[in-house]
Amino acid sequence: MIPIFFRPRQAANDPSTSGQDFPSDIGRRNVIKASAMLTGVLAAQSAVGLLAPSLAWALDVSNLDQGQADTVQALAKTLFPHKGLPDAVYALVVKDIDGFAATADGRGLVSAGVRNLNAKAGGDFSKKSLAARHQVVAALIDDPFVQKVRGTCITSLYDNDMAFAHFGYQGEAFSKGGYVFRGFNDLTWLSNPPASASPPVIA
Amino acid sequence: MTQFSLDDDSVVVIIGSGAGGGTLANELCQKGVKVVLLEAGQRQSSATFINDEWPSFKQLAWTDKRTTSGNWRVARDFPNLPAWICKTVGGTTTHWAGASLRFHENEFKARTTYGAVRGANLLDWPITLADLEPYYARAEDKMGVTRTNDISGLPGNNNFKVMYDGATKIGYKSCSTGRMAINSAPRAGRGRCMQLGFCFQGCKSGAKWSTLYTEIPAAEKTGKLDLRTEAHVSLIEHDSQGKATGVVYFDAQGKRKRQKARVVCVAGNSIETPRLLLLSASGKFPNGLANSSGQVGRNYMRHMTGSVYAYFDKPVHFYRGTVMAGIIQDEVENNPKRGFVGGYEMETISLGLPFYAAFLNPGSWGPEYAEFLDNYANTAGMWLVGEDMPQESNRVTLNTAVTDQYGLAVPNVHYDDHPNDIAMRAHAYKQGEAVYRAVGAKKVMRTPPYPSTHNMGTCRMSERPSDGVCNKHGQTHDIANLFISDGSQFTTSAAENPTLTIVTLAIRQADYIAQQLSQQAI
């Protein structure tokens, strides 16, 4: 088992960020210290699974309890319900909200927000169906906690290598010579524009 | 590196090193004029640019605090980021996409052509296309604009193929890879386009023109340029005769410095330029420098903009290759039968996944939105950009309730869409959707305006001193040795991307300043 195995991109220079070469003993120590943990297994044949060094993943959480961590993940999956996007990507939102909850103000916002969601859901929000959760979120969309998680999703969900693989974005291009010989004009389901509109590449 | 003394009052001080300031600096240095170029940002290079959207944004964008007001949607979506422009050597020429189109003759005569438009502060430019044509030609040669000077057009990418197919199917006649200041073949010591797809993040191949690696090193070679980076100007000073005498700036260590000057040229882009004139208010000029007309900060224009994205049942990979890979120009002519005056361009655009998620429809959530993002690899996109109406109340002012890291009042940017802007946007959205539906789009999205990349008009040029801030050379009506050298000069916005015209005006202004200096007129 490994911690979240792709580095969140915005923290690329942060040595404390879990990476593929994260020593396993430190990983264990963090698991023991953690107050909650999210785990999962990637689908072997998914875009992300094909790239991952291991299919099992785990995220330890320090400032949220298990119920809060599960609720944040369920909220992210309700806000942006992507077909087939692995839970490991949604777990990155939990990781960032966990960081946000390191301060008393952040913790306060999370506990109040989770309470509101559960109250509106009439039980454990994270255990409800997607349709039921959607209704709860629609009713609470202006709640500051819901807005905090929504805003966090924009960077946490879509700015990492797993998301790039899943959505089909190839990211950094310069080190690979750009796309001039790598498919910038490889679309074949339409006819090509005439050279007067789109001249050939100059050799 | 050349260094001039802080007490040297024979230098021309230029504030800002982008399209206007960077070009003006080089043009003056080539004529032997001593220039101190003050740039608030750091110096990057093609080697340090980053092919990664958020880290690049942090590296290049101007993120000092700003505030917003007005009914434009940017004020809701990005209340502290009214503009997406840069704080770095080269300014926003590091970020621009490269589209280089001349303004049309009638666009210099907006008041005459469109007549009186209610609520709009329209005015004809004090210059005509004929005045600018020789300077446009010099700018196109300098920048290496494709389809001029026997330079081949760029090859179109997949995003362009979709645009072209749809444009042709709905009967548009004028669609091509356009005129771009991006090398289609090596030229002027710069390589050709590698189709990286990161035009907005600083061009790592150097194929796209930027003052950072063209004008500024050329100026440095003359020995006449003293470029000071991380130099944030807070004040322009004047003497009792009302002549500019120099500027005060904070250096990289936050120390206040005073540079004397014979001439001061302001090119901080259309938010910082009026802000600096307003911050420089004095006993003699209580409403700010060069503001006897009361027009400093007013008539802020940002172009009518919006985007249309569409996804298909087959792959496009629109992020590969030049961001503005092609253009439709059929809607650019003034044709009031459409329900608005002025016209607009349709230009391809693409965003990497991180920015696509952030900008597609800010604030959106839920299954439909997620489904649109799910189809990222099958998506094509275009940006709509057209003339917006100058309004006196659209305005950059000082927000004295909020201060920046130097304790200076931040600029507030107020913008209300004019009914003409709204009518044009509705038309442009409809036409953009029609282009993609003709190709068989599964779904289309009308994306609201991004933070403004085109900022214009806050110190506009006018024939009469009562109508504007500067004359046809960018020289302020009130202070003969104070010049406006960026897009703030624009009397009206026209429909075209502004950089080529900013560069053109800077070349022309350099000729004028050199002549005025040699005649001892300033």
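Rules behind the numbers
Residues numbered from 1 in each chain as written. Chains lettered and ligands numbered in written order. Predicted model: local features only at pLDDT ≥ 70, side-chain atom pairs only at ≥ 80, totals over all residues. Helix = DSSP H or I, 4+ residues; strand = E, 2+ residues; numbered from the N terminus. Rg over C-alpha atoms; globule rule 2.2 N^0.38 Å. Contact = placed C-beta atoms within 7 Å. Nonpolar A, V, L, I, M, F, W, Y, C, P; charged D, E, K, R; others polar. Pairing = 2+ DSSP bridges. Buried ≥ 20, exposed ≤ 12 C-beta atoms within 10 Å, placed from the backbone. Right-handed = clockwise from strand over helix to strand, strands pointing away. pLDDT = per-residue confidence, 0-100. Axes fitted to C-alpha atoms, helices over the stretch in contact; angles between N-to-C directions. Core = buried A, V, L, I, M, F, W, Y, C linked by C-beta atoms within 7 Å. Parallel < 35°, antiparallel > 145°, perpendicular 65-115°, else oblique. Left-handed = near helix turned anticlockwise from the far one by under 90°.

Right, let's talk about the overall build of chain A for a bit. Helices and strands together make up the secondary structure of chain A, namely eight helices and three strands. Along chain A, helices and strands appear, N-terminal first, in the series β-α-β-α-β-α-α-α-α-α-α.

Each helix and strand in chain B was counted, giving 12 helices and 17 strands. By the compact-globule yardstick of 24 Å for 522 residues, chain B fits well, its C-alpha radius of gyration being 22 Å. Dimensions of chain B along its principal axes, counting C-alpha atoms only, are 70 × 50 × 45 Å.

Counting residues at the interface gives 45 residues for chain B, matched by 40 residues for chain A. Of all the secondary-structure elements, those providing two or more residues to the side of chain B that touches chain A are helix 6 (158-169), strand 4 (175-176), helix 9 (353-359) and helix 10 (367-374) of chain B. Classifying every residue of the side of chain B that touches chain A gives 22 nonpolar, 15 polar and eight charged.

This part is about the pairing of strand 14 (residues 395-403) of chain B. Residue and element names in this part refer to chain B. Looking at chain direction, strand 14 and strand 15 (residues 409-414) are connected through six bridges and run antiparallel. If you follow T397 over to strand 15, its bridge partner there is N412. Hairpin connection from strand 14 to strand 15: five residues lie between these consecutive antiparallel strands, with G407 at a positive phi of about 80°.

Our focus in this paragraph is the pairing of strand 2 (residues 35-38) of chain B. Successive side chains on a regular strand alternate, one facing one side of the sheet and the next facing the other. All names here are of chain B. On strand 2, burial covers both faces: V35 and L37 on one face and V36 and L38 on the other are all buried. In terms of strand pairing, strand 1 (residues 12-15) meets strand 2 through four bridges, oriented parallel. Pairing of I15 across the sheet is with L38, part of strand 2. Viewed along the sheet, the connection from strand 1 through helix 1 (residues 19-30) into strand 2 turns out right-handed.

Moving on: the confidence of the model for chain B. Close inspection of predicted coordinates is inappropriate in any region flagged by low pLDDT. For chain B, per-residue confidence averages 98 on the pLDDT scale, and 100% of positions sit at 70 or higher. At the level of chain-chain contacts, confidence expressed as ipTM amounts to 0.94, with global pTM at 0.95.

In this section: the sheet that holds strand 15 of chain B. Residues and elements named next belong to chain B. Strand order in the open sheet formed by three strands is 3-15-14, with mixed pairing between adjacent strands. Of all the strands in the sheet, just strand 3 (67-69) and strand 14 have a single pairing partner and so form its edges. Neighbour-to-neighbour, the strand axes of this sheet turn through a mean angle of 35°, independent of strand direction. With respect to the sheet, helix 8 (residues 269-279) is in contact with strand 14 and strand 15, its orientation differing from that of strand 14 by roughly 65°.

Across soluble globular proteins, nonpolar side chains have a tendency to be buried as a group. By size, the foremost hydrophobic cluster in this structure holds 216 residues, and its most contacted members are V12 and V35 of chain B. What V35 of chain B contacts, discounting residues up to four positions off in sequence, is V11, V12, I14, A25, L28, C29, A219, K224, L225 and D226 of chain B.

A word on the environment of E272 of chain B. Within the secondary structure, E272 of chain B is located in helix 8. Spatially, the C-alpha atom of E272 of chain B lies 9.4 Å from that of V410 of chain B, the residues being 138 residues apart in sequence.

Right, let's talk about the sheet that holds strand 17 (residues 482-484) of chain B for a bit. Residue and element names in this part refer to chain B. Taken in spatial order, the five strands make up an open sheet running 5-2-1-9-17, and their pairing is parallel. The strands lining the two open edges of the sheet, one partner per strand, are strand 5 (225-228) and strand 17. Within the sheet, the average angular offset between the axes of one strand and its neighbour, ignoring direction, is 15°.

Attention now goes to helix 8 of chain B. Residues and elements named next belong to chain B. Judged by how many residues are buried, helix 8 sits mostly within the fold: 10 of 11 residues are covered. Along helix 8, the residues classified as buried are N269, S270, I271, E272, T273, P274, R275, L276, L277 and L278. Looking at the buried positions of helix 8, the neighbouring elements they touch are strand 1, strand 6 (232-238), strand 9 (263-266), strand 14, strand 15 and strand 17.

Here the focus is the packing of helix 5 (residues 129-143) of chain B against helix 12 (residues 499-518) of chain B. All names here are of chain B. At a minimum axis distance of 8 Å, the contact between helix 5 and helix 12 shows a crossing angle of 110°. Considering the angle they form, helix 5 stands roughly perpendicular to helix 12. The crossing of helix 5 and helix 12 is right-handed. Contacts from L132, Y135, Y136, R138, A139 and M143 in helix 5 reach L500, V503, T504, I507 and R508 in helix 12.

A few words now on the environment of R187 of chain B. All names here are of chain B. Its location among the elements puts R187 in the loop between strand 4 and helix 7 (215-221). Using a count of 14 C-beta atoms within 10 Å as the deciding quantity, one classes R187 as partly exposed. Along the chain, R187 and A207 lie 20 residues apart, while their C-alpha atoms are 8.7 Å from each other. Discounting residues that sit within four places of it in the chain, R187 has contacts with G144 and I151.

The next thing to look at is the packing of helix 3 (residues 66-79) of chain A against helix 6 (residues 130-139) of chain A. The description of two helices packed together rests on the angle between their axes and the distance between the axes. Residues and elements named next belong to chain A. Interaxial distance between helix 3 and helix 6 falls to 9 Å at its minimum, and their mutual angle equals 90°. Between helix 3 and helix 6, the angle falls in the class roughly perpendicular. Contact with helix 3, carried on its side by A74, L75, T78 and L79, involves L130, R133, H134 and V137 of helix 6 and no other residues of that element. Each residue belonging to the contact of helix 3 with helix 6 can be placed in one class, and the counts come to five nonpolar, two polar and one charged.

Residue and element names in this part refer to chain B. Backbone geometry places N269, a non-glycine residue, at a positive phi of 75°. Secondary-structure assignment places N269 in helix 8. The phi dihedral of N299 is positive, around 60°, even though this residue is not glycine. Residue position: N299 is located in the loop between helix 8 and strand 10 (304-311).

Quick look at the confidence of the model for chain A now. Residues and elements named next belong to chain A. Residues at a pLDDT of 70 or more form 83% of chain A, whose mean pLDDT is 86. No element of chain A has a lower mean pLDDT than helix 1 (residues 24-33), which averages 44, and none a higher one than helix 6, which averages 98. Between residues 5-32, whose pLDDT stays under 50, and residues either more than four places distant or in other chains, the model counts 31 contacts.

The next thing to look at is the environment of T501 of chain B. As for its placement among the helices and strands, T501 of chain B is situated in helix 12. As a C-alpha pair, T501 of chain B and G254 of chain B span 247 residues in sequence and 34 Å in three-dimensional space.

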